[in-house]
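# Examination of the molecular architecture
Here's the letter readout for the chains.
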Amino acid sequence: MEKLSIKTSFLALSILMASNTAVAQNPIVTHCYTADPAPMVFEGNDSLYVYCDEDMNIPGVHDFYYMDRYRVYSTVDMVNWTDHGIAMPRTAFAWAREGTCWASQCVERDGTYYWYICLSKPNDWRHYIGVGKSDKPSGPFKDARKQPILDTGEGGDIDPSVFIDDDGQAYLYWGNNKLRYAKLRKNMILVDTSIGKNGVVEVELTEKAFGGVKVDDKVTGKDCYEEGPWLDKRGDNYYLIYAAGGVPEHISYSMSTSPEGPWTYMGQVMTQQNTGSFTNHSGIVNYKGKDYFFYHTGWAKGGGGFNRSMAVEEMTFASNGRILPVTATRQGVKALCTMSPYLRQQAETLNAAEGISVVGNESTGVYVTDIHAGDSMRVANVDFGSEGAQSITIRVAAKSNNGTLVVRQDNTKGKILAKIKIEATGGENVWEERTFELTNTPTGIHDVHFSFIGTGDATLFNWDWWQFNGATSSGIENLQDKAPLHNTTFYTLQGIPAENPTQGIYIKDGKKVVINN
Ligand code: FUB
């Protein structure tokens, strides 16, 4: 009995250790540069979405920011992030100038997703706030107004943040060096012109409200508002969180009992950190009972001030409403649940990746492309269960026989689960599903590491999705298109997680199980 309980606690400990992956979770996306994170959780949707601009600065070619598209990521476990591709290119806005996609935020109203962005116009140094819309959180988004939604005529019109209050009133906050707000009409694309100057109110940047005043780039006082406002509410308190102090930036916050102020300066949330980025830009969100603080860093390989990468930390609101300081870490946050290998997983759901790109088209949806010899991808916290997997099915398109996919348990040096020669399918858009036996059976919780072998510089193949198969899982109908992508414990046959399964047939660890209560 004693022996059994030692063994059981050892097993529990190793599962716990395995599920709290030791590898760095920040930055959260490593295959491209992602800046100005705007996290969002939408009612009735199980995922957390993060909207961002893609930093595309090529040193020696661009001497400043260069972002030509906006991207969306989502997660259900906080460690594996699905890249939804280029959900809104700059070219969606006919009035906009190339390379000027700065910070943004997306909100939902009545089933439509409104993505507020800022872009410059040709031959004009100023930014203008515009809005894209879609009927899906992952897009594709189209210009909702065909022109900017406001023009102060003064510049500084960047970093829009939209918050819908409990009474349904939507507020748009924005501004660099000046902080402005407007009320949006119900249609979310027009400003209510009954307040301020043509609907725009300029907030006075006093010491009481923002810790200090900045005149001619000199700060008087202990702090000052810079840019990147984020308006949110917890209980009766309104929070304005923003990049502060001039460049290099830190993140500070002010509080109020109204979304229109007056604001009271409360201090720094994230002091200036050694992240390799001279800007910082934050957004906060409550997801599955935890508060998360998103920011950006220069941490991805080859990154820096113009090629930034999103990161996330847990944050805490004290009982007096104050925000406790947040520190930037490489380890980031812990997984909220495991991922099931027995459900179809999109290849673009990643914990980390190097070298590859993620794109999409109407016929295939989003997929991984640009795969070369030496590239790699990883997914974290995959639960193979006690019996383990016997084979893997992948959907690929290959124009040559040149590529080999190596699947390993845990990491680059881990046990090889399969070494798969990818034979040509007839073209890079000719897709085939293929199943391969594993040479080792993974059980329990592991990261899964994919690497690519090939000769020369040519791209090897395109990859849509993967799925492991357990000993008895064949014959289970494919739930994927409706299914959540990760495993909690039980799923309904429609692929919906069943938290308290009652009598019926469910999926557990990739197998059909019957519950008789
Ligand atoms: O990404 C360009 C600009 O840098 C953003 O609009 C600011 O918030 C800062 O992050």
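Read on for a plain summary of the structure. Quick caveat, the model's predicted, so the values are computed rather than measured. (Residues numbered from 1 in each chain as written. Predicted model: local features only at pLDDT ≥ 70, side-chain atom pairs only at ≥ 80, totals over all residues. Heavy atoms only, no water.)

Ordered by their spatial adjacency, five strands build an open sheet running 25-28-33-30-31, and the pairing between neighbours is antiparallel. Each edge of the open sheet carries a strand with a single partner, namely strand 25 (352-354) and strand 31 (416-422). Averaged over all pairs of adjacent strands, the angle between strand axes in this sheet comes to 15°, irrespective of strand direction. (Pairing = 2+ DSSP bridges. Helix = DSSP H or I, 4+ residues; strand = E, 2+ residues; numbered from the N terminus. Axes fitted to C-alpha atoms, helices over the stretch in contact; angles between N-to-C directions.)

Let's shift gears to unusual backbone geometry. Going from Gly139 to Pro140, the amide bond is cis rather than trans, its omega being 5°. Inspection of the secondary structure assignment puts Pro140 in the loop between strand 8 (127-134) and strand 9 (142-143). Omega for the bond connecting Gly261 with Pro262 falls within 30 degrees of zero, at 0°, which places this linkage in the cis form. Along the chain, the position of Pro262 falls in the loop between strand 18 (250-256) and strand 19 (264-270). Although it is not a glycine, Met188 adopts a positive phi angle of roughly 65°. By the secondary structure assignment, Met188 is in the loop between strand 12 (179-184) and strand 13 (201-203). For Met188, a relative accessible area of 0% gives the class buried. (Buried < 20%, exposed > 50% of the residue type's maximum accessible area, 1.4 Å probe, protein only.)

Time to look at the sheet that holds strand 16 (residues 225-234). The strand order across the open sheet formed by four strands is 16-17-18-19, and the pairing between neighbours is antiparallel. In this open sheet, the two edge strands, each paired with only one partner strand, are strand 16 and strand 19. In this sheet, adjacent strand axes meet at a mean angle of 25° when their direction is disregarded.

A few words now on the environment of Arg234. Looking at the secondary structure, you find Arg234 in strand 16. The class for Arg234 is partly exposed, based on a relative accessible area of 21%. Excluding its chain neighbours within four sequence positions, the residues that come into contact with Arg234 are Tyr239, Ile284, Val285, Asn286, Asp291 and Phe317. At 3.5 Å, the side chain of Arg234 and the side chain of Asp232 are in polar contact. (Contact = heavy atoms within 4.5 Å. Polar contact = N/O pair within 3.5 Å; in protein donor to acceptor, adjacent residues only side chain to side chain.)

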